[in-house]
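Now for the letters of each chain:
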Amino acid sequence: MECEELALSLAREWSKDEDGSDFTRVNGIPLSQAIMRFVYYHFAYALRAVHGIANLLEKERPGQVRAAKQNDLSGGFYGIHGRDLRKEILKLLQPRYGYELIWTENAESVANVAPAPMGGLTRLIKTLVILGVDGCKTAFRKAFDRGAPVNILVPSASDIGYLRPAVVRNVLRAGENVNLSYLFNELNCYLHPRLTHRSLDKYKTPETGKTVRELAGAIAGMKEKTRNRLGDKRFVFRGLPFWPIVENFFNEFFDALAPQYIEFAVLAEEAVKDDVHLVVITTNTMPYHILLTLLGKRHQVPVLHIPHGFSDGIIKDGKLIQGGERNLLNFPFLYDLEVVGLKYNVNLRVKKGIDPKKLILAGIPQYEVQLDDKKSKRTAARKKLGLDPGEEVVAFATERSADRMMNSALLDGFETVRLYKSLISVMERRAGSRLVFKFRVGDELIALTRELAAKSGGKNVLVLAESLQDLLWASDVVMIINSSVGVEALYYDVPVVQIMTPSGMPAIQLEAEGAAIGLYDPQSLPAILDRLRNDPEYREARLTAQREFLDKNLISRTGGAKRMGKIVAEIALAGKNGKPAADFSRVAL
């Protein structure tokens, strides 16, 4: 808790001048607010790492420490600094404990697994296709548009994907003049004439270029002020100066990313002013999304947050228990409205201090599936994944590396690997079963888990990084710790097992709500699987409890995509007509 409290305090204060003003404010937009969560996450992770490594050194008192470089903070702007974080901590602690430090640059067993980079010819072909498609759609709209359009803006093509096709189709069907556009195409394009790329390049004019250069000129001053502010006594932890550990983090931000954010803020503001009636974001943590939110609010364009996951939190004895990273009161609620999937989520958000008038209960249409042909879908999915039709398939949706880093309620890396070893050991002795680890693409533990599976013989352990929907159709049981895949599995009518962490308080409370079976010891897993397989009444009772959880928390099990499309279109139309955000709550139904 000490680590989280100090990290939160520093995340709030690092960007403040002597008079309390924010020295990262450019063109009226505070860059510090856009990266506040990342600063908190990085500080909390680094402080916990200092705490853990110092405790280990205190106990062991080694004469020599061998450490391997590992990309444990991959992604975002943790990048360069993340890869050397352990080295910085061990160098910081070396004078106190007097060990010899031997640093190894490569660690093949934990190699990061990521998609191969796109070739130049492929990129060129995709770019030409996208330009052609976008040009045709522009001509089509000019020829066939009737009346003034209702324009909705999202940050990127990825956000279109997170909304899922059914929701996007229903947004566009809500009115003949509803248009949905995105700023970053990420080398994607869509054939629908009213689903378009609003390129930032079109806003690159001599005037905006001059503004970008003037604002970027302030970065050196920000960097120097950061160094001065972070050098004070607040940056002391366990009697050690904390600045050396975070210096590279801020250097990377100011040198590599702040210029990009400044340019985005200037150009995206022109896009928002260019006849936009609603901004939709799918995450409240990413800097570009937060910057676009701030720009929307500046120009009185309503901002709607549609999360692509399940809100976490812990309600115990009617009270909310949460760490700093999950306490919304520690971070600004910047958007005007938020779509909430389940009534349980509404209760969490209200207990976290959010005005219920800003919340719209709409279900999670991204998770909705038709169960009437479940058997044929199961057969097709197993064939696609190379699974035998008759074997027992136990899927385990793992936590992302980034989640383990950010969330103090999750297992750390050592505990995670021990758990994986235990599950593999338990399942390798189980005849007719297959344990399938489902990772996110790029997770650092993919290679290591494959190595562990190979050492066990590898016959009944499979490691996947894609095909989640196929795996949910193919599975007999889905296991989670805190993954929102557990909630998604409820829609597929698959029994869910929740692995209980040492704290006993997982962020997603499916076990506590009766919607999942609690697993407190991996050695107990075979007994749970046996009962689910051999006791039809027990299995049906578990599925009934899961269905009741959904029924209790949803407006309806079906129709979510149509409902969501109507909500988005109505808010956009209200924004076009200049209605204030307070009036939007009428669509909450």
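Structure: see above.
Residues numbered from 1 in each chain as written. Predicted model: local features only at pLDDT ≥ 70, side-chain atom pairs only at ≥ 80, totals over all residues. Heavy atoms only, no water.

Run through the overall build of the chain, naming residues and quoting values.
Check the secondary structure of the chain and you find 22 helices and 21 strands. Within the chain, the proportion of its 589 residues that are buried is 53%. A separation threshold of at least 6 residues defines the contact pool for the chain, and within that pool the share at least 24 residues apart is 73%. Here the chain displays about 26200 Å² of accessible surface, and carbon together with sulfur accounts for 53% of that area. (Helix = DSSP H or I, 4+ residues; strand = E, 2+ residues; numbered from the N terminus. Buried < 20%, exposed > 50% of the residue type's maximum accessible area, 1.4 Å probe, protein only. Contact = heavy atoms within 4.5 Å. Areas by Shrake-Rupley, 256 points an atom, 1.4 Å probe, with all protein chains shown as cover.)

Could you give me a rundown of the pattern of salt bridges, with the residues and numbers involved?
Under the criterion given, the structure shown has 26 salt bridges. For lysine 455, the salt bridge goes to glutamate 451, with nearest N and O atoms at 3.6 Å. You can see lysine 455 and its partner glutamate 451 sitting in helix H17 (residues 446–455), four residues apart, about one turn around the helix. A residue is classified by how much of its surface remains accessible, and lysine 455, at 64% relative accessible area, is exposed. (Salt bridge = Lys/Arg side-chain N within 4 Å of Asp/Glu carboxyl O.)

Give a description of the sheet that holds strand E6 (residues 178–184) that names residues and reports values.
One open sheet accounts for seven strands, arranged E7-E6-E5-E10-E11-E14-E15; its pairing is parallel. Among the strands making up the open sheet, the edge pair consists of strand E7 (195–197) and strand E15 (359–361). Pairs of neighbouring strands in the sheet enclose a mean axial angle of 25 degrees, with direction left out of account. Pairing between strand E14 (residues 337–340) and E15: three bridges, direction parallel. If you follow valine 339 over to E15, its bridge partner there is isoleucine 360. In the packing of helix H22 (residues 560–576) onto the sheet, contacts are made with strand E5 (150–156), strand E10 (278–281), strand E11 (303–305), E14 and E15, and the angle to E5 comes to roughly 115 degrees. (Pairing = 2+ DSSP bridges. Axes fitted to C-alpha atoms, helices over the stretch in contact; angles between N-to-C directions.)

An account of the packing of helix H9 (residues 206–216) against helix H11 (residues 243–273) is requested, with residue identities and associated values reported.
Think of two packed helices as two axes; the pair is described by the angle between the axes and how far apart they sit. Two elements in contact, H9 and H11, have axes separated by 9 Å at closest approach and are oriented at 145 degrees. Considering only the axes of H9 and H11, their crossing is right-handed. Residues Thr208, Thr211, Val212, Leu215 and Ala216 of H9 form the contact with H11, whose own contacting residues are Ile262, Glu263, Val266, Leu267 and Glu270. (Left-handed = near helix turned anticlockwise from the far one by under 90°.)

Lay out empty space enclosed by the protein in plain terms, naming residues and giving numbers.
This structure, assessed with the given rule, holds four cavities of 30 Å³ or more. Quantified by volume, the largest cavity comes out at close to 160 Å³. Lining the largest cavity are 15 residues, with Arg37, Asn284, Ile290, Pro332 and Leu334 sitting closest to its centre. At the level of elements, helix H3 (36–60) and helix H12 (287–298) are the ones that each hand at least two residues to the lining of the largest cavity. (1 Å grid on protein atoms, 1.4 Å probe; cavity = no way out; pocket = protein on both sides within 12 Å on 5 of 7 lines; lining within 4 Å. Points joined across faces, edges and corners; volume = space filled by probe spheres on them.)

Before we move on, can you summarise the side chain of threonine 449 with the specific residues and values?
By the secondary structure assignment, threonine 449 is in helix H17. You can call threonine 449 buried: its relative accessible area is 1%. Among residues more than four places away in sequence, those in contact with threonine 449 are Tyr420, Ile424, Phe437, Phe439 and Val463.

Can you break down the nonpolar core residue by residue, with the values?
Core analysis: the biggest nonpolar cluster contains 81 residues, and Leu31, Phe43, Leu93, Phe242 and Phe250 have the highest contact counts within it. Counting residues per element, this core draws most heavily on H11, which supplies 17 residues. Setting aside residues up to four positions removed in sequence, leucine 31 forms contacts with Thr24, Val26, Met222, Phe253, Ala258, Tyr261, Ile262 and Leu291. Within the second largest apolar cluster, 34 residues are counted, among which are Leu385, Val487, Val494 and Leu510. (Core = buried A, V, L, I, M, F, W, Y, C linked by side-chain atoms within 4.5 Å.)

So what about a nonpolar patch on the surface? Which residues, and what values?
Taken together, the side chains of Leu121, Leu124, Ile125, Leu128, Val129 and Leu131 define a hydrophobic patch exposed on the protein surface, amounting to about 600 Å² of accessible area. Structurally, leucine 121 can be placed in helix H6 (residues 120–144). (Patch = residues over 30% accessible without salt bridge, like charges linked within 9 Å, V, L, I, M, F, W, Y side chains within 5 Å.)

Mind laying out the environment of lysine 16, listing which residues take part and the relevant values?
Inspection of the secondary structure puts lysine 16 in the loop between helix H1 (2–13) and strand E1 (25–26). Expressed as a C-alpha distance, the spacing of lysine 16 and threonine 226, which sit 210 residues apart in the sequence, is 8.9 Å. Setting aside its immediate chain neighbours within four residues, lysine 16 contacts Ser21, Phe23 and Arg229.

Summarise the pairing of E5; cite the residues concerned and give the values.
When you tally the buried positions in E5, you get seven out of seven residues, the bulk of the element. As paired strands, E5 and E6 are joined by six bridges and run parallel to one another. Bridge pairing links leucine 153 to serine 181 in E6. Relative to E10, E5 is paired through two bridges, and the arrangement is parallel. Bridge pairing in E10 places leucine 153 opposite valine 279.

Tell me about H9, residues and numbers included.
Three or more residues of H9 are buried, namely Thr208, Val212 and Leu215. For H9, the buried positions fall inside an angular range of 70 degrees around the axis, keeping them on one side. Of the exposed residues in H9, the ones pointing more than 90 degrees away from its buried face are Pro206, Glu207, Arg213 and Glu214. Buried residues along H9 sit in contact with E1, helix H10 (219–230) and H11. (Arc of directions from axis to C-beta.)

Could you give an account of helix H14 (residues 374–385), naming the residues involved and the relevant values?
In a regular helix each residue adds 1.5 Å, so twelve residues correspond to 16 Å; H14 covers 16 Å between its end C-alpha atoms and thus fits that length. Among the structural elements, strand E16 (392–397), strand E18 (461–464) and helix H18 (468–474) are those in contact with the buried residues of H14. Immediately downstream of H14, the backbone of glycine 386 shows phi near 75 degrees, a positive value. (Expected span 1.5 Å × (residues − 1).)

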